[in-house]
Amino acid sequence: MNIEVTNDSIKISEISQVAENRIEALFEFPNQEPQRIFIESSKQLQSNADTWLLLALPIGMKLGLSIVIDGEIDSLLSDNLKNLEREYLRGNRHFKMIEVLTTGTSTNSKIAGKQTASFFSGGLDSFYTASTEPTVQSLICVWGFDIPLQNIASWNQLNEVAVNFAQRHGHELTTIKTNLKTLSHGRLLWGRHYFGWALSGVAQSLRPNFDVVLIPGDGEAYFADWGSNGNLNALCSTSKVTLREHGTASRVSKIVAIDQLDSLREMRVCLKAGFKFLNCGECKKCRRTRLELDGSQSSTRPSGLEERIDTRIFARERISKTEYSILKEDQLEIARIGTPGFSSLARHLRQGRARYVIFQIINFIPEKISHLRQSAKQGFRQKN
Ligand SMILES: [Zn+2]
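Residues numbered from 1 in each chain as written. Predicted model: local features only at pLDDT ≥ 70, side-chain atom pairs only at ≥ 80, totals over all residues.

Peer 1: Is there a simple way to explain the sheet that holds strand 6 (residues 100-101) in this structure?
Peer 2: Spatially, ten strands are ordered 6-4-1-2-3-10-9-8-11-12 in an open sheet, and the strand pairing comes out mixed. Lying at the two open borders of the sheet, with one neighbouring strand each, are strand 6 and strand 12 (242-246). In this sheet, strand 6 lies alongside strand 4 (residues 66-69) in parallel orientation, the contact comprising two bridges. By the bridge assignment for strand 6, isoleucine 67 is matched with valine 100. Each of strand 8 (116-119), strand 9 (138-143), strand 11 (212-216) and strand 12 touches helix 3 (residues 124-132); the most contacted strand, strand 11, lies at about 140° to it. (Pairing = 2+ DSSP bridges. Helix = DSSP H or I, 4+ residues; strand = E, 2+ residues; numbered from the N terminus. Contact = placed C-beta atoms within 7 Å. Axes fitted to C-alpha atoms, helices over the stretch in contact; angles between N-to-C directions.)

Peer 1: Mind showing me how you'd approach the pairing of strand 8 here?
Peer 2: Looking down a regular strand, the side chains alternate between one sheet face and the other. Both strand 8 and strand 11 contribute to a ladder of three bridges, which runs parallel. When the bridges of strand 11 are listed, serine 118 appears paired with leucine 214. You can see the chain leave strand 8, run along helix 3 and come back into strand 9, and the turn it takes is right-handed. (Right-handed = clockwise from strand over helix to strand, strands pointing away.)

Peer 1: What is the right way to read the domain arrangement of the chain from this model?
Peer 2: Reports often express the size of an interface as the amount of accessible area lost when the parts come together. Each domain of the chain was delimited in the assignment, giving domain 1 (9-246) and domain 2 (280-360). With centres defined by C-alpha atoms, the gap from domain 1 to domain 2 works out at 32 Å. (Domains from an automatic or database assignment.)

Peer 1: Explain helix 8 (residues 284-295) to me, please; I cannot follow it from the model alone.
Peer 2: Three or four residues apart is the spacing at which side chains of an α-helix point the same way, because the helix has 3.6 residues per turn. For helix 8, which comprises twelve residues, the first-to-last C-alpha distance of 16 Å matches the rise-based estimate of 16 Å (1.5 Å per residue) to within 8%. As for helix 8, its buried residues are in contact with helix 7 (251-257) and helix 10 (321-337). Following helix 8 by one or two positions, glutamine 297 has its phi on the positive side, about 55°. (Expected span 1.5 Å × (residues − 1).)

Peer 1: Quick question: what am I supposed to make of the nonpolar core here?
Peer 2: The nonpolar side chains of a soluble globular protein tend to be buried, and buried together. Formed by 85 residues in total, the largest nonpolar core has its most connected members in Leu53, Ala56, Ile67 and Ile140. A domain-level breakdown of this core finds at least three residues from each of domain 1 (9-246) and domain 2 (280-360). Residues in contact with isoleucine 140, not counting those within four places in the same chain, are Ala117, Ser118, Phe119, Phe120, Thr174, Ile176 and Leu206. (Core = buried A, V, L, I, M, F, W, Y, C linked by C-beta atoms within 7 Å. Buried ≥ 20, exposed ≤ 12 C-beta atoms within 10 Å, placed from the backbone.)

Structure below.
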């Protein structure tokens, strides 16, 4: 089928199996340079339209562009498409329902693995799912999501964590290298809108190996409508690969559950992690994890997060609304399990939040005055 590129559509073509372990497709956006996207793996991949459609759908919905794709979509995904769009709209009300034009639907490929895999990024949710879910046989570790393709040293470090974890726990390891994150650049926010779709797309390309792929979830209500949640993940399933969110317990209770795990020492949560260290101990994510480790009275602590946190630190900081929501959930969970020594945590968080609000107001007033002055000057010039 020949598909015309129009000014109101994203076209996906040249869907190809370049090698057993490499697939590619060409994405064309109106008035922009075409982008060739690749996915490479240590395992066999299958080129299929479902993979590429899942990567394009949220972008089309943000930009209000239909999608035309030169391939056949799986019948289950095709049946669920409108529900999938509606589910995504719940968290992104200004996005739009769009049309998807394909060359047909298919239940074609006989290729379908019979194993369960779970994504593994080295963080708490990954550790929890991989060590508590007995059906997981393989871990999928992606280079090109949290770690840019240019950052070889960081990738080597994460790969080492994944290899060690897999060996200790008797899992296989599947590695992926991809430039698909570039599709979101300038169009969608990775964490807020896109990463769940990215994981789902990769999972569908791995169908020669796995029939169930788990996406480690989080228990934070604040993120419920973001780009990855249980309902969205499930609706990205096809008749070949079922996608499922796993592990929606709070982070504190996840740490309690895997406290005895030796590999916990190698957990990697840091926003600044490079090849020199696993965790800096001081960035926002490291501090928060130190709080969670203290709150759960963990006996095993990841490298770089050994030191207990003085919760007064939060009172001296400026805590944004998002950070406050996250830390508040930690505080409530610590209070619920009754760990002693945290009676002042709620007050310290409120103080940090108040600091942020006051700072915003102090910044806002001079800005507003200067804006009013400029408007007045312009008005004066126009009158004269
Ligand atoms: Zn850090």
